[in-house]
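Reading the structure
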Amino acid sequence: MDQNDDIKRLLAAISINADQVAYKELFVLLHSRLKQFAYSILRSKEEAEELVSDIFIRIWEKRSQLTSIESPLLYFYTTAKNLAINRLNKQKRQLPHSPEGWQVQLQSIHFDPEQLLLTEEIMQKIRQAINDLPPRCRLIFKLIKEDGLKYKEVAELLELSAKTIEAQMAIALRRLGKCMQLEINQLNPKMAIPKK
Amino acid sequence: MSQEKFWVLFSKKVAAEASNDEIFELEKLIQEHPEWQLAVQNLGDLWHHQPQPVDSLEAEDAYILHLNRINELKIPFGDYKNETPVYSLRHYKKWYWAAAVLLIVCAGLITLLQLNKGEKNNTPVSYVNEVSTRPGSKSKIQLPDGSMVWLNAGSKLTYTKDFGKKNREVVLTGEAFFDVTKNPEKPFLIQTNSINIKVLGTAFNVKAYPEDKQTETSLIRGNIEVTIKNRPNDKIFLSPSEKLVVENIVAIENNKKIKVQNSTSRPTIKENFSIAPLVPKLSINKLKYSPVDSTVAETQWINNRLVFRDESFTELAIRLERWYDVTIEINDAALEEARLNGIFQSETIVQALEALKISVPFSYDQKGNNITIYR
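Residues numbered from 1 in each chain as written. Chains lettered and ligands numbered in written order. Predicted model: local features only at pLDDT ≥ 70, side-chain atom pairs only at ≥ 80, totals over all residues.

Considerations on the overall build of chain B
Per the secondary structure count, chain B includes nine helices and 18 strands. Long-range pairs, those at least 24 residues apart, make up 48% of the contacts in chain B between residues at least 6 apart in sequence. (Helix = DSSP H or I, 4+ residues; strand = E, 2+ residues; numbered from the N terminus. Contact = placed C-beta atoms within 7 Å.)

Details of the overall build of chain A
Secondary structure assignment for chain A yields nine helices and zero strands. Along chain A, helices and strands appear, N-terminal first, in the series α-α-α-α-α-α-α-α-α. The proportion of buried residues among the 196 residues of chain A is 36%. (Buried ≥ 20, exposed ≤ 12 C-beta atoms within 10 Å, placed from the backbone.)

A few points about the packing of helix α2 (residues 20-42) of chain A against helix α4 (residues 57-72) of chain B
Running from N to C, α2(A) and α4(B) point in directions that differ by 120 degrees, and their axes come no closer than 9 Å. It follows that α2(A) is oblique to α4(B) by the angle criterion. The two elements α2(A) and α4(B) meet at a crossing, and its hand is right-handed. For the pair α2(A) and α4(B), contact is made by A:Lys24, A:Phe27, A:Val28, A:His31 and A:Ser32 and by B:Glu58, B:Ala59, B:Glu60, B:Ala62, B:Tyr63 and B:His66, respectively. (Axes fitted to C-alpha atoms, helices over the stretch in contact; angles between N-to-C directions. Parallel < 35°, antiparallel > 145°, perpendicular 65-115°, else oblique. Left-handed = near helix turned anticlockwise from the far one by under 90°.)

Section: the nonpolar core
Membership of the largest hydrophobic core comes to 61 residues, with the highest contact counts inside it found for A:Ala38, A:Ala80, A:Ile144, A:Val154 and A:Met169. The element that contributes the greatest number of residues to this core is α2(A), accounting for ten residues. Excluding residues that lie within four positions of it along the chain, A:Ala80 makes contacts with A:Leu34, A:Phe37, A:Ala38, A:Leu51 and A:Ile55. Listed in part, the 30 residues of the second largest apolar core include B:Phe163, B:Leu172, B:Ala208 and B:Leu244. (Core = buried A, V, L, I, M, F, W, Y, C linked by C-beta atoms within 7 Å.)

Considerations on the pairing of strand β18 (residues 370-374) of chain B
Residues and elements named next belong to chain B. Residues Ile371 and Ile373 point to one face of β18 and are all buried, whereas Asn370, Thr372 and Tyr374, pointing to the other face, are not buried. Judged from the four bridges that link them, strand β15 (residues 327-330) and β18 form a sheet pairing that is parallel. Its bridge partner being in β18, threonine 327 is matched across the sheet by asparagine 370. Relative to β18, strand β17 (residues 363-367) is paired through five bridges, and the arrangement is antiparallel. Its bridge partner being in β18, lysine 367 is matched across the sheet by asparagine 370. (Pairing = 2+ DSSP bridges.)

Points about the confidence of the model for chain B
All names here are of chain B. Confidence along chain B averages 76 in pLDDT terms, with 75% of residues attaining 70 or more. Scored below 50 in pLDDT, residues 255-277 shows four contacts in the model against residues more than four places distant or in partner chains. ipTM for the predicted complex: 0.84, alongside a pTM of 0.48. (pLDDT = per-residue confidence, 0-100.)

Examining the sheet that holds β18(B)
Residue and element names in this part refer to chain B. In spatial order, the strands read β15-β18-β17; together these three strands make up an open sheet with mixed pairing. Here the strands that pair on one side only, and so sit at the sheet edges, are β15 and β17. The mean inter-strand angle of the sheet, taken between neighbouring strand axes irrespective of direction, is 15 degrees.

Examining the packing of α2(A) against helix α4 (residues 72-91) of chain A
Residues and elements named next belong to chain A. Their axes nearest at 10 Å, the elements α2 and α4 cross at an angle of 35 degrees. Relative to α4, α2 is oriented so that their crossing is right-handed. When α2 is examined against α4, the residues Leu30, Leu34, Phe37, Ala38, Ile41 and Leu42 are found in contact with a partner set consisting of Phe76, Tyr77, Ala80, Ala84 and Arg87. Along the lines of polarity and charge, the residues of the contact of α2 with α4 split into ten nonpolar, no polar and one charged. (Nonpolar A, V, L, I, M, F, W, Y, C, P; charged D, E, K, R; others polar.)

Comments concerning the pairing of strand β5 (residues 168-179) of chain B
All names here are of chain B. With nine of its twelve residues buried, β5 lies for the most part within the structure. With four bridges joining them, strand β3 (residues 148-151) and β5 adopt antiparallel strand pairing. Pairing of valine 149 across the sheet is with phenylalanine 178, part of β5. With four bridges connecting them, strand β4 (residues 156-160) and β5 associate as antiparallel partners. Bridging across to β5, lysine 156 finds its partner in threonine 173. Bridging between β5 and strand β6 (residues 188-191) involves four bridges; their strand directions are parallel. Bridged to glutamate 169 within β6 is leucine 189.

Thoughts on the environment of B:Asn369
Residues and elements named next belong to chain B. The residue asparagine 369 is located in the loop between β17 and β18 in this model. Sequence separation between asparagine 369 and isoleucine 349 is 20 residues; the distance between their C-alpha atoms is 9.9 Å. The contact partners of asparagine 369, leaving out residues within four places of it in the chain, are Asp325, Val326 and Thr327.

Thoughts on the confidence of the model for chain A
Residues and elements named next belong to chain A. Considering every residue of chain A, the mean pLDDT works out to 82; 85% of them sit at 70 or more. Looking across chain A, the model is least confident in helix α5 (residues 113-116), with a mean pLDDT of 61, and most confident in helix α8 (residues 151-158), with 94. Confidence drops under a pLDDT of 50 for residues 182-196, and excluding neighbours within four residues, the segment shows five contacts in the predicted structure.

Describing α2(A)
All names here are of chain A. Compared with an ideal rise of 1.5 Å per residue, which puts 23 residues at 33 Å, α2 spans 29 Å between its outermost C-alpha atoms and falls more than 12% short. At histidine 31, α2 shows its maximal bend, which comes to roughly 45 degrees. Looking one or two places after α2, you find arginine 43, whose phi comes out positive at around 55 degrees. (Expected span 1.5 Å × (residues − 1). Bend = angle between axes of the 7 residues up to and from the residue.)

Looking at unusual backbone geometry
Residue and element names in this part refer to chain B. If you check the backbone angles, alanine 16 has positive phi at about 55 degrees while not being a glycine. Of the residues examined, alanine 16 has 13 C-beta atoms within 10 Å and is grouped as partly exposed. Of note, aspartate 325 is a non-glycine position whose phi angle comes to about 55 degrees, a positive value.

Printed below as a string of structure tokens:
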């Protein structure tokens, strides 16, 4: 799901027509993820909220240059990262500046097992497995699965190699697969029975 | 070795990062290990599963605070109109014309190309992807083009393997709510038993159970174009908040049969032979928005609510059958016609029946999944 095209369209409207409707649409589209991302670095909801607002103030002030952004989603996340680290520096707060220490929460672990045809037991295991992922691995998994960034974009954002992203994603999915495969061997005959 | 390779390839595939070669390699690996098949399927589903539609309320509240902040920081925001002088539009006008001409030429070329293509490959379309729901369960699907489809109980959606590449075509049996992503070049086409729907980008509900009396299309936003199977030349355009009701051919034919069987004067008439082409009845109604929460009854099933407004017991019974995976028989003509209103959310079938008994007194027997209703 490449959302960069959607974002580019909105940015173009803001840049060329100073379109306030597009501006609001873009804000609503990105607010929640950017806030979560900023929160994982800043660990403060108020500051994360303010940071998202700062990003969008920049967007408005620099709107004439917006059309030249190649990869807008990466631009937003990089801006969020830089602003967050600036804040940490200014406040001299003792919080980790590197991705290993960022505390990211995944949203999609609130699955609806009914729709996925999985038992609640398996879902519980999956939630646990996601929570148990090493922080950097969890961050990469979230940015790709929930936030819609590409491997290349995450590599650039976190200053890692593309191969590292590949490996971290493989680790994440292997762990998820493990909690299913074990279940599959035990519960295979039952899977066919409709759940009520 | 193959295990590690497998997980790298598989995660690239679900994240839409894999090249064709890598997908090929992965498929080979899966063929060698059929025992991975189910985990692969489940993990794929898990990856593409969106927990719930993102709640934009919080973001909209945040936007109000953001505007406040812009104001406090005295950043020029509202006065942008001064920067773009009025005559600029006139200035660009000739470019609009150029763009329009170019667009028409392009559209013409594309149509020509597609016509050529259409003549060359008349091979029948192969529907490979099929998503279906059992009675009593629902599902939410994201199509390759990003469109979302909510599938109600006892329904089926099929689409071609190359969905989104050349076209966007699906076949629907049953009920579904579509939120279609915009792509003017590739209209989204839905085929049901009795109607075809063509959309550009919009949200709407289609109820097309073949066994039902009628097919209903409720448009929430955008525009759609509906053609009826037996009248391909008539196009019906729906506007937002309108609902199109088309009587199903099957239902009409059944009615005819009944009439024929009842008339003793002409016992030899062929039942399946129709003299004139059947013209289904249709009507366009306004959707009724709830004054309380401005929702529409037609789409409430997505939120797990069975909402019925002024429906006959017969109609409701069919919906209850699908919702609860039961069969219901009503043994009383007056009860069949009784009109009912209400909402079920977390009720069991027994609780639902007990609640209905309050507005229309009746008794019922339940044997397993079979329910008989009588006075």
